[in-house]
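Letter by letter, the chains look like this.
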2 protein chains.
Amino acid sequence: MPYTFAERVNHMENSAIRELLKVTEQPQIISFAGGLPAPELFPLKEIQESYAQVFGTGDPSVLQYGTTEGYLPLREEIAAQMRIKGIQAEAENIFLTNGSQQGLDLIAKLFINPGDIVLLQNPSYLGAIQTFRSYQANFETIPTNGTGIDSAALELSIKLNRPKIIYLAPTYQNPTGTTLTVEERKMVLRIASKYNIPIIEDDPYGELHYDGSSILPIRSFSTEDEVVYLGTFSKTLAPGLRLGWIVGGKDLITKLVVAKQGTDLHTSTLLQKATHYYLTHFNPIQHIETIRQAYKIRRDLMLNELKENFNDQAIWTEPSGGMFIWLTLPEAYDTLKLLPYALASNVAYVPGVNFFTDGKIYSNMRLNFSNPSPLQIKQGIKRLASILPNY
Amino acid sequence: MPYTFAERVNHMENSAIRELLKVTEQPQIISFAGGLPAPELFPLKEIQESYAQVFGTGDPSVLQYGTTEGYLPLREEIAAQMRIKGIQAEAENIFLTNGSQQGLDLIAKLFINPGDIVLLQNPSYLGAIQTFRSYQANFETIPTNGTGIDSAALELSIKLNRPKIIYLAPTYQNPTGTTLTVEERKMVLRIASKYNIPIIEDDPYGELHYDGSSILPIRSFSTEDEVVYLGTFSKTLAPGLRLGWIVGGKDLITKLVVAKQGTDLHTSTLLQKATHYYLTHFNPIQHIETIRQAYKIRRDLMLNELKENFNDQAIWTEPSGGMFIWLTLPEAYDTLKLLPYALASNVAYVPGVNFFTDGKIYSNMRLNFSNPSPLQIKQGIKRLASILPNY
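The residue numbering used here restarts from 1 in each chain and proceeds along that chain's sequence as written. As a convention, the first chain written is A and the first ligand written is 1, with the rest following in written order. Local features in this predicted model are restricted to residues whose pLDDT is 70 or higher, and side-chain atom pairs enter the listing and the counts only when it is 80 or higher, whereas totals over whole chains, interfaces and linings include all residues. Working from all heavy atoms in the structure, the side-chain values ignore hydrogens and water.

Participant: Outline the sheet that holds strand β14 (residues 350-351) of chain A, supporting the account with residue identities and numerical values.
Facilitator: Residues and elements named next belong to chain A. For two strands to count as paired, DSSP must find a minimum of two bridges between them. The helix and strand labels rest on DSSP assignments: H or I over at least four residues marks a helix, E over at least two residues marks a strand, and numbering proceeds from the N terminus. What the four strands build is an open sheet, ordered β11-β12-β15-β14; its pairing is antiparallel. Of all strands in the sheet, those bounded by a partner on one side alone are β11 (315-316) and β14. The pairing of β14 with strand β15 (residues 364-368) spans two bridges and is antiparallel. Pairing of Pro 351 across the sheet is with Met 365, part of β15. Note on contacts: a residue pair qualifies if any of its non-hydrogen atoms lie within 4.5 Å across the two residues. Each axis is a line fitted through C-alpha atoms, and for a helix only the stretch in contact is used; angles between axes span 0 to 180 degrees, taken between their N-to-C directions. Strands β11, β12 (324-328) and β15 of the sheet are contacted by helix α10 (residues 284-310), whose axis makes an angle of about 15 degrees with β12.

Written as structure tokens, this is what we have:
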């Protein structure tokens, strides 16, 4: 039977790239394509023990329906962690989600009417673009100049376009790895507040800083609820758990409860209790430090290999944290057309074009350095450089 | 900062009832209000062992990002279970969700434009009504006569209203506990197919049959993909896991993948592997039989207590399965206004009005018999009867 789908389905994209990149599962391919953490660093034993302890209480309520907001002790623990990052939050400000991707979906559900404008960085996280697009949002991009965000142009854009929300990943952004300065954070917040536009601050990578200490989130500078903050355990603990959170005002949390009730009732009770056990009985701070040290080595290695192999052929970002380097080839190159050559040489990346909402810039590639081993980074960057003459 | 929400938020309801029923968490209250399974019957030890075994492999991929469709061996196992129920399905027809509530949300996302009509039973599951409403659906109800669904009136309604989908919980429905006959199932399918209207068959309770064997799902009678089937482990295993599935044609699964990618990427890998271990290494069939025996005793006891205490004052359904009895008082009663009296007598139910999309019938209450103990059922029904004279 042929189905008649809703209009929004026309705005959902089944990424051709995703299909193409399925070959990266083959063992001979060195993949810089995924956004995956290094699985060998997952605290598998500690999470195993956390689940065993939660089951060991013999309390069957770990398998029963739970509250939509989330498990209260976990909300309290996350609020305490948020306060360490400079964000004023109590348990009542914390809402648990199935990863921060669900946070994005619920925020879009609450805010986006068809045709509403989302103002975002250019390029931006592909998953956010897809989510907003599925709610039939339109996009405008945050204007930049040589030194960062252009404040006058930003204010003009807000006046002209009246965006419904501003979506920002200010810290070690996916895909570029770049970070807004403190001054930019304060400036964007000031302008957004002036025009009553909420900022959605997506911060999956904030803890993964490799040069000095962490940078304060935008929400730490806000006094009202101008900023909705999205956090996740996917990068600091493990993505396969599917656990993230939203920090927001009490009124927003109330709306999120209603939205999530219709979406999936609540996030797994067992998962939340096990994660709470892990956070309060093991050493998550030490664990994150372990990840940082490993990823810093991989970032430095990839930057070094890029310098040795691409020096005259490309430019790239030098991120202070996160999981990605953004490489830009001369304009003549199309990284989408280059990808089959890369795959034939057993190396993979994500072409940059899909991270632009207007999809017109073809010369970038996103390179992930957290998942491949140091040896794979050395070999893979050499392979990547070797395909350029073929093009 | 005051937020400007999307139009759909005006269609989301923060149930006042839900707030009122929060007091049912107090231990002195006997609650027939929830839709909760009996936690003392959860296979806690077996699930604990399943998680331990999955962790015990030492394979960190259990904590890594997974595929959106779901873990292939689990999809194969569910497909095999579906075939036992008469549904032709292979792994490629199975899509994993965070409980069947997420199945409803994804189906609504794919099918419902604002203003589209959903044709459904009157009354229907509140969570489905809320989900469809959040996508700004309108509702028409399936016409019935003294003996069940009125086929002529149904065909006329479809011709007149051109519903986008038909939503049915044909087996031990929430809230009434009633079941469509095989003839009704075939008749609804025939008429829906004639007009190309997909049927969404929601089947959380099908395994919980207490009088004879199970009844064939509507999808078992369909030869094309006229029926999208929603299943869940919430009632047969445990709801706190949050795991359900959709059975659909390959084209629908492809659309669901794109929709879920924007919604929450995928369902927990760890959860899916542990559930697969449980299903293939323990005895889920015996476990479901244990639940059936316990719930049958509770159903019989509640029916008996209703007869002894309400015989001249109300009528009620006598469901052959599921978790609910639907009680109807004389029209003069308003169960919403009666609820505070019930709570003051330490007994709770859900007023029936919210299960009607037009919200005009006030004399029903939904009584759950799966969660309260036999002693609580005896005491609670007596308490409930005792409040009627106060009204």
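Next comes the rest of the description.
Participant: Please provide a residue-by-residue account of the relation of the copies chain B and chain A, values included.
Facilitator: To superpose the copies, least squares is applied to the C-alpha atoms of every residue with a pLDDT of at least 70 in both. At an RMSD of 0.0 Å, chain B and chain A line up after a rotation of 180 degrees and a shift of 0.0 Å along the axis. Such a turn and shift between the copies fits a two-fold axis. Interface overlap between copies is the fraction of interface residues in one copy that are interface residues in the other; for chain B against chain A it reaches 100%, indicating a shared surface.

Participant: So what about the pattern of salt bridges? Which residues, and what values?
Facilitator: The working definition used for a salt bridge is a side-chain nitrogen of Lys or Arg within 4 Å of a carboxyl oxygen of Asp or Glu. This structure, assessed with the given rule, holds 32 salt bridges over all chains. Across the salt bridge formed by Glu 155 of chain B and Lys 194 of chain B, the nearest N and O atoms sit 2.7 Å from each other. One end of the pair, Glu 155 of chain B, is in helix α6 (residues 151-161); the other, Lys 194 of chain B, is in helix α7 (residues 182-194), and 39 residues separate them in sequence. What makes Glu 155 of chain B buried here is its relative accessible area of 18%. The partner of Arg 219 of chain B in a salt bridge is Asp 225 of chain B, and the shortest N-O contact between them spans 3.1 Å. In this scheme, a residue with accessible area under 20% of its type's maximum is buried, one over 50% is exposed, and one in between is partly exposed, where area comes from a 1.4 Å probe on protein chains only. Overall, Arg 219 of chain B belongs to the buried group, its relative accessible area being 6%. One salt-bridge network, in which partners are shared between bridges, spans Lys 85, Asp 203, Glu 207, Glu 289 and Arg 292 of chain A.

Participant: Explain the interface of chain B and chain A to me, using residue names and the numbers behind them.
Facilitator: By a frequent convention, interface size equals the accessible area lost on bringing the separate parts together. The interface is formed by 79 residues belonging to chain B together with 79 residues belonging to chain A. By definition, the buried area sums, over both parts, the 1.4 Å-probe accessible area that each loses when the two are put together. The junction of chain B with chain A conceals about 6800 Å² of combined surface from both sides, 61% of it contributed by carbon and sulfur atoms. Counting the contacts that link chain B with chain A gives two salt bridges. For Lys 109 of chain B, the salt bridge identified is with Asp 105 of chain A, shortest N-O distance 2.7 Å. Mapped by element, the contributors of at least two residues to the side of chain B that touches chain A are α2 (44-56), α4 (99-111), α5 (126-134), α8 (250-263) and α9 (269-281) of chain B. When residues of the side of chain B that touches chain A are assigned to their parent elements, the largest contribution, eight residues, is made by α8 of chain B. Residues are grouped as follows: nonpolar covers Ala, Val, Leu, Ile, Met, Phe, Trp, Tyr, Cys and Pro; charged covers Asp, Glu, Lys and Arg; every other residue, Gly included, is treated as polar. Looking at the side of chain B that touches chain A residue by residue, the classes come out as 37 nonpolar, 25 polar and 17 charged.

Participant: Quick rundown of the domain arrangement of chain A? Include the residues and the values.
Facilitator: Residues and elements named next belong to chain A. For the domains described, the bounds stem from an automatic or database domain assignment. Domain parsing of chain A yields domain 1 (7-43 + 286-390) and domain 2 (46-281). Here the C-alpha centroids of domain 1 and domain 2 sit 25 Å apart. Each partner contributes to the interface: domain 1 provides 33 residues, whereas domain 2 provides 33 residues. In total, domain 1 and domain 2 occlude about 3100 Å² of area from one another, counting both sides; carbon and sulfur atoms represent 60% of this. Taken as a group, Pro 43, Phe 355 and Thr 357 account for 22% of the area that domain 1 buries against domain 2, more than any other trio of residues on that side. Remark: the boundary between domain 1 and domain 2 carries three salt bridges. Across the pair Glu 207 and Arg 292 runs a salt bridge whose closest N-O atoms are separated by 3.6 Å. Pairing of N or O atoms within 3.5 Å defines a polar contact, subject to two protein rules: one partner must be a possible hydrogen donor and the other a possible acceptor, and residues neighboring in sequence count only if both atoms are side-chain atoms. Across the contact surface, domain 1 and domain 2 share 14 residue pairs in polar contact (both at pLDDT 80 or more).

Participant: An account of α5 of chain B is needed here, citing residue identities and associated values.
Facilitator: Think of an α-helix as 3.6 residues a turn; residues three or four steps apart then line up on the same face. Within α5 of chain B, nine of the nine residues are buried, which leaves the element mostly enclosed by the surrounding structure. Immediately downstream of α5 of chain B, the backbone of Gln 136 of chain B shows phi near 60 degrees, a positive value.

Participant: Tell me about empty space enclosed by the protein, residues and numbers included.
Facilitator: Points on a 1 Å grid over protein atoms alone make up a cavity when a 1.4 Å probe fits among them but cannot get out, and a pocket when they form an open set with protein on both sides within 12 Å along at least five of seven lines; lining residues each have an atom within 4 Å of a point. Grid points are joined across faces, edges and corners, and a volume is the space filled by probe spheres set on the points. In the structure shown here, the tally under the stated rule is eight cavities of 30 Å³ or more. Taken as a whole, the largest cavity encloses approximately 160 Å³ of empty space. Lining the largest cavity are 19 residues; nearest its centre among them are Ser 268 and Leu 271 of chain A together with Leu 241, Ser 268 and Leu 271 of chain B. Elements represented by at least two residues in the lining of the largest cavity include exactly α9 (269-281) of chain A together with α9 of chain B. Looking at side-chain class alone, the lining of the largest cavity contains eight nonpolar, eight polar and three charged residues. Taken as a whole, the second largest cavity holds about 70 Å³ of empty space. In terms of lining residues, the second largest cavity is bounded by Val 258, Ala 259, Gln 261 and Gly 262 of chain A together with Met 12, Glu 13, Gln 130 and Ser 134 of chain B. Contributing elements (two or more residues each) for the lining of the second largest cavity: α8 (250-263) of chain A together with α5 of chain B. With four residues, α8 of chain A is the single largest residue contributor to the lining of the second largest cavity. Taken together, the residues of the lining of the second largest cavity break down into three nonpolar, four polar and one charged.

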